[in-house]
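# Coordinates in review
Here is how the chains run, residue by residue.
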Amino acid sequence: MRVLVHHLLRLLTLLVLVTLLVGVPAAVVLVMGVPLPSTAQWRDVWETHRLDLDVVVQVGTILFVVLWAWFAATAVAELVRVLPRRHEPGSLSATRGGGPAGVVRGLVRFMAISSVGAGLVAGGGVGFAAAPSSVVHTVVPGDSYWEIAEGHLDQTLGRQATGHEILVLTETLIADNAPRLGHRDPTLLLPGETVVVGDVTPASTAEPSPGRAVEAPVPVSQPPEPVVPDSDPVVQAPISSRPPPATTLPAAAVTIASPAPASPAPAGPIARSVDVSDDSAFPMSGLVGAAFLATGAMAVLEARRRARLRASLPNDRFAAPTFAHARTELRLRALDDGERIARMDLAVRAASRDVAMQGASIIAIALADSGEVCLFLRGAAVPSSLHWRLDVQLGTWRLPASVALAELAGLARDGVFPCPALVQLGRLDDDHDLYVDLEALGALAVPSEIAGALAASLALSPFRSPAMLQCVAVPGVDGLSGVGSHDATDAEFVVGRAVASAELTALRATGRSTFALRALSVDGEAWEPEIVVIGALPDGVVVSLDGVAEGAGIALVVPESASAPASLRHNGDGFVFEPLGLPVIPVTIDVAAFESVTDLLESIEPCAPVVEVQRVPTVHVPVVRATFVEPDWDLLVRMIGQVEVVSPDGRTAQFVRSKSLELIVWMALHRERPTRSGARADLWEVGVRSATFANVVSEARRALAELQIPADGEDWIGRTLTDDLPLNRRIVTDGDLLRARVEAARGLPHAAAIEVLRPGLELVTGLPFSSPCFAWVDAQGHTSSLVLLATGAATELAQHHLALGDVDGVFWATGRGLTVLAGHEELIALRMRAHAARGDLAGVRLEWEQYERALAADTWSAGEPSPKLVSLRHDLVVSPMAAIVGV
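Residues numbered from 1 in each chain as written. Predicted model: local features only at pLDDT ≥ 70, side-chain atom pairs only at ≥ 80, totals over all residues. Heavy atoms only, no water.

## Examining the overall build of the protein
What the protein contains, in helices and strands, is 28 helices and 19 strands. Sorting the 887 residues of the protein into buried and exposed places 50% on the buried side. Pairs at least 24 residues apart make up 71% of the contacts formed inside the protein by residues separated by at least 6 positions. (Helix = DSSP H or I, 4+ residues; strand = E, 2+ residues; numbered from the N terminus. Buried < 20%, exposed > 50% of the residue type's maximum accessible area, 1.4 Å probe, protein only. Contact = heavy atoms within 4.5 Å.)

Next up, the structure:
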């Protein structure tokens, strides 16, 4: 029957060709005769300069006949070219050109070979030859290789194809069809083109058993990597809301294939086989790769540290961190990727309103190491800004890395971040991180090893606030702010409560997604989602996902056994994220590593009234006049502000290597035990060659000698044959000088204390180590120690000025301290009392407003003012005489 239909179609095609290419011109000649104007007609045209209607019709008929004759010649030429090779259709190249000529060539090939379906004739696309057992698909607008593979497998297998099966066939289709179509981008498909789908049996796309690495089919010819230059124009066209194909996401796609042991490895990148039963198989174990968690942890740590420093008193001293805390902080700083996270934040803010107004939402983000941001959308949306580039094939928005951060900040100033449940899922390849919005997915099924990593990232996410996170059977999250911890037996109750809360949100949303509600700032509400992460559950405990909808105010992470709409599934060669079909190397975090992070955070309680200090008692000694003599020095290492080395006459040392200046700072802060091994361990995160370190030491010694010649027989940096690396005692730091003056001023009368403290406070110019910034100084507590020293000295000096009624002196001293730490409570209180002492209540209110702005600028702080300052403001505004009592 099928053969008969083919023969009938071929006969019909022949009749159509003969009718169109021979019958139409013949009918024109029979009806109108030979349409050539006579000599008399041409003479009349020449003399009168006018064309008669008959002449116009005759000329048009001639052009029509010539054009139709050209079509006939095209058909004959194609027939001559095809007939000799009709028994070897594979040797035929693709047809050339499109339009009417392409239709004619396709009809000829169909009639001669009958290898292209009737859909080609109707679609008018490009014709070609394919194997008799192949199926040919004509591309329509919105098609992609992924969709073609999925549709073919669903029809062939009689069931819904898995992501792995679709991925394998998609790679094969690209390898087989891209060279024939000849596009620069091998994944590009244009409407009217045809895609040959080979004979695919269920065995060829069988799903590998879990926990076992199998060999994925390797295409015969690897397609070239797609190139998306930054100069490509914006394509403004409707896109498909269907998820894009897996193999076309990143600029350089990952090939997940494990070669057979007996054959050589194929060309191209190969991902390692991963066994979920082996913890060492996860290449991002520990904290490696957890940039999202590290960025959030560092933000929380800095905010808590600033809050405690703001509440410090003049005599407080910093307690040095333990070795374990310092090591953990150094690891976090090495992983901290705040600039790229900020770029992603601004990009989403800039695009969110545009996406929401078109009824779409963001489900995933690919963040490249270069800074390029790629947004995966649910629904069709076209960017209105020229900074974004619409990828029609992938259905994504791309922000090139060439867009500067400052320019992006201007675009995002009115936007909000609408994805509080965003979490880092893993790496797509060597250049891209994948972030997914759990709320947009509704529910994500993952292995239990990865659930813990997602819970840790969400617990310290810089975007989650004020959403509450509920963790079920996830160890290590107890005690974190905004995180609830539950046993496995409470899983059903926690999920049910979250679903009920999400249903109430859906009623208020009136059919709109929570993404749109947040992006458009509807009703001024936060519309925070219910986030639940479930780890490993015992046998028999099943979590129902009834009522869980995508983008409806609920975000669930459930065990991989659950039938969730999205999943991170182990396919034998790695992990695949569905529904996008992206190969992912997931981020995993060891419980011990995460506990070290939480232990570091808990060591700095956010609500502690003062810094964990070793209180130094104030001793009042009756001294009439200051007797302080500043120690002699030849070189001064300035740290409270910009880091530099200066001479007594104000000249600054010039260093070719930045590590040379850092080495001098390190030696000045480690005088008790300055060793070469210690310096190398702190200044370099990786091993450094001895020759490199020796060059740094020599360059530091030379730069210091050029600034100031040392005494005879001495060096600024000692030359030893041991591990010791001593620094000359005549090199001091501004912290040493200020600390000596603070100690000497204790117990002195007000005027004498001012005389001692003021020259030391003149050395304070800003936040310690403001430029350049060294990672180890924060981890070892040197920054906090200098902040306490500077703010304490400023507080003591301001108190002495206030006692003498010198209001201008109070403002000078407190101004110096506030350049180090904005919003310091004692300094703000002294400024408020100074205003009140001279009856300036407007000044009191102004200081209070500046204090509130300092709190608001600290993104991670609670934003609550100090109760002590609240009470003081009330007293000063009600009765300015309270300032005298507070002194």
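## Thoughts on the sheet that holds strand S17 (residues 635-638)
In spatial order, the strands read S18-S17-S19; together these three strands make up an open sheet with mixed pairing. If you trace the sheet from one side to the other, it starts and ends with strand S18 (644-646) and strand S19 (731-733), each paired once. Strand-to-strand twist in this sheet, taken as the mean axis angle between neighbours without regard to direction, amounts to 25°. Across three bridges, the pairing between S17 and S18 is antiparallel. In the sheet register, Leu636 faces S18, and the bridge partner there is Val646. Against the sheet, helix H20 (residues 734-745) touches S17 and S19, its axis set at about 65° to S19. (Pairing = 2+ DSSP bridges. Axes fitted to C-alpha atoms, helices over the stretch in contact; angles between N-to-C directions.)

## Side note on the environment of Asp724
Looking at the element boundaries, Asp724 is found in the loop between helix H19 (690-707) and S19. Asp724 sits 49 residues away from Thr675 along the chain, and the two C-alpha atoms are 4.4 Å apart. Setting aside chain neighbours within four positions, we find Asp724 in contact with Arg673, Pro674, Thr675 and Arg676.

## Comments concerning the packing of aromatic side chains
Each pair of aromatic rings is reported with the distance of its centres and the angle of its planes. What the rule picks out here adds up to five aromatic pairs. Pairing Trp684 with Phe693 gives two aromatic rings, centres 5.9 Å apart and planes at 70°, and the pair type is edge-to-face. Comparing Trp684 with Phe693 shows no difference in burial state: the two are buried. Ring centres of Trp848 and Tyr851 lie 5.6 Å apart, and the angle between their planes is 50°; this geometry places the pair in the tilted category. Remark: Tyr851 and Trp848 occur in helix H26 (residues 841-857); sequence separation between them is three residues, near one turn of the helix. (Phe/Tyr/Trp six-rings, centres within 6.5 Å; stacked < 30°, edge-to-face > 60°.)

## Description of the packing of helix H25 (residues 825-837) against H26
Packing of H25 against H26 brings their axes to within 8 Å, and their N-to-C directions diverge by 165°. Taken as axis vectors, H25 and H26 run roughly antiparallel relative to one another. Of the two elements, H25 crosses H26, and the hand of that crossing is right-handed. From H25, Glu825, Ile828, Arg831, Met832, His835 and Ala836 reach across to H26, where they touch Gly843, Val844, Glu847, Trp848 and Tyr851. Classifying every residue of the contact of H25 with H26 by side-chain character gives six nonpolar, two polar and three charged. (Parallel < 35°, antiparallel > 145°, perpendicular 65-115°, else oblique. Left-handed = near helix turned anticlockwise from the far one by under 90°. Nonpolar A, V, L, I, M, F, W, Y, C, P; charged D, E, K, R; others polar.)

## Some details on the confidence of the model for the protein
In low-pLDDT regions, the fine details of the predicted coordinates are not to be read closely. Put simply, the protein has an average pLDDT of 75, and 76% of its residues get 70 or more. This model gives residues 201-285 a pLDDT under 50, and the stretch forms 174 contacts once residues within four places in sequence are excluded. Counting interchain partners and residues more than four positions distant, the pLDDT-below-50 stretch residues 606-626 has 44 contacts. (pLDDT = per-residue confidence, 0-100.)

## Describing the side chain of Asp345
Summarising the element assignment, Asp345 is placed in helix H10 (residues 338-357). Accessibility expressed as a relative area gives 15% for Asp345, which makes it buried. Not counting residues within four places of it along the chain, the set of residues in contact with Asp345 comprises Phe417 and Phe463.

## Focus: the packing of helix H21 (residues 750-761) against helix H23 (residues 782-803)
It is the contact of H21 with H23, at a shortest axis distance of 9 Å, that shows an interaxial angle of 145°. Of the two possible hands of crossing, H21 and H23 adopt the one that is left-handed. Counting all contacts with H21, which are made through His750, Ala753, Ile754, Leu757, Arg758 and Leu761, the residues of H23 involved are Ala790, Ala793, Ala794, Glu796, Leu797, His800, His801 and Ala803. Classifying every residue of the contact of H21 with H23 by side-chain character gives nine nonpolar, three polar and two charged.

## Description of the pairing of strand S15 (residues 575-578)
A two-sided burial pattern is seen for S15, the buried positions comprising Phe575 and Phe577 on one face and Val576 and Glu578 on the other. Between strand S14 (residues 566-570) and S15, which pair antiparallel one after the other, the connecting turn spans four residues, and Gly572 there sits at a positive phi close to 100°. As paired elements, S15 and strand S16 (residues 582-586) share three bridges and run antiparallel to each other. Among the inter-strand pairings, Phe577 is bridged to a residue of S16, identified as Leu582. Here S15 folds back onto S16, and the loop between the two strands holds three residues, one of which, Gly581, carries a positive phi near 70°.

## Quick notes on the pattern of salt bridges
With the rule as written, the count across this model stands at 22 salt bridges. Across the salt bridge formed by Asp634 and Arg730, the nearest N and O atoms sit 2.6 Å from each other. Here Asp634, found in the loop between helix H16 (591-602) and S17, pairs with Arg730, found in the loop between H19 and S19; they are 96 residues apart in sequence, far enough to count as distant. For the salt bridge of Arg673 with Asp724, the shortest nitrogen-to-oxygen distance reads 3.0 Å. Within this pair, whereas Arg673 is found in the loop between helix H17 (658-669) and helix H18 (676-683), its partner Asp724 is found in the loop between H19 and S19, the two being separated by 51 residues in sequence. For Arg673, a relative accessible area of 52% corresponds to the exposed category. (Salt bridge = Lys/Arg side-chain N within 4 Å of Asp/Glu carboxyl O.)

## So, the nonpolar core
Val645, Leu663, Val665, Leu704 and Phe769 are the most contacted members of the largest nonpolar core, which has 67 residues in total. In terms of residue count, the dominant contributor to this core is H23 (ten residues). Those residues in contact with Phe769 that sit more than four places away from it in its chain are Met639, Gly641, Val643, Val665, Leu669, Phe774, Val777, His782, Thr783 and Leu786. (Core = buried A, V, L, I, M, F, W, Y, C linked by side-chain atoms within 4.5 Å.)

## Some words on the environment of Ala798
Note on placement: Ala798 falls in helix H23. Considered as a pair, Ala798 and Ile754 are 44 residues apart in the sequence and their alpha carbons are 8.8 Å apart. Apart from residues no more than four positions distant in its own chain, Ala798 is found in contact with Val810, Ala813, Thr814 and Leu830.

## Comments concerning the pairing of strand S3 (residues 361-368)
Extensive coverage of S3 is indicated by the burial of eight of its eight residues. Pairing of S3 with strand S4 (residues 373-378) involves six bridges; the strand directions are antiparallel. From the neighbouring strand, Ile362 faces S4, where its bridge partner is Leu377. What sits between S3 and S4 in their antiparallel hairpin is a turn of four residues, with Gly371 showing a positive phi close to 110°. Bridge count for S3 against strand S8 (residues 432-437) is five bridges, and the pairing is antiparallel. The residue bridging Ala366 from the neighbouring strand is Leu434, located in S8.

## A look at a nonpolar patch on the surface
Together, Leu11, Leu14, Leu15, Val18 and Val22 make up a nonpolar patch on the protein surface, roughly 430 Å² of accessible area in all. Tracing the sequence through the fold places Leu15 in helix H1 (residues 2-32). (Patch = residues over 30% accessible without salt bridge, like charges linked within 9 Å, V, L, I, M, F, W, Y side chains within 5 Å. Areas by Shrake-Rupley, 256 points an atom, 1.4 Å probe, with all protein chains shown as cover.)

## A few points about the environment of Ala366
Along the chain, Ala366 falls in strand S3. For Ala366, a relative accessible area of 1% gives the class buried. Between the alpha carbons of Ala366 and Arg427 there is a distance of 9.0 Å; along the sequence they are 61 residues apart.

## Looking at the side chain of Gln470
Looking at the element boundaries, Gln470 is found in strand S10 (residues 469-472). In terms of polar contacts, Gln470 uses its side chain to reach the side chain of His486, at 2.6 Å. Apart from the residues within four sequence positions on either side, Gln470 is in contact with Gly484, His486, Val494, Arg497, Ile531, Val532 and Val533. (Polar contact = N/O pair within 3.5 Å; in protein donor to acceptor, adjacent residues only side chain to side chain.)

## Here's the deal with unusual backbone geometry
Backbone torsion omega between Glu578 and Pro579 reads 20°, so that peptide bond is classified as cis. Counting through the fold element by element, Pro579 comes out in the loop between S15 and S16. We note that Ala473 has phi near 55°; this positive angle belongs to a residue other than glycine. Looking at where Ala473 falls in the secondary structure, it is placed in the loop between S10 and strand S11 (483-486).

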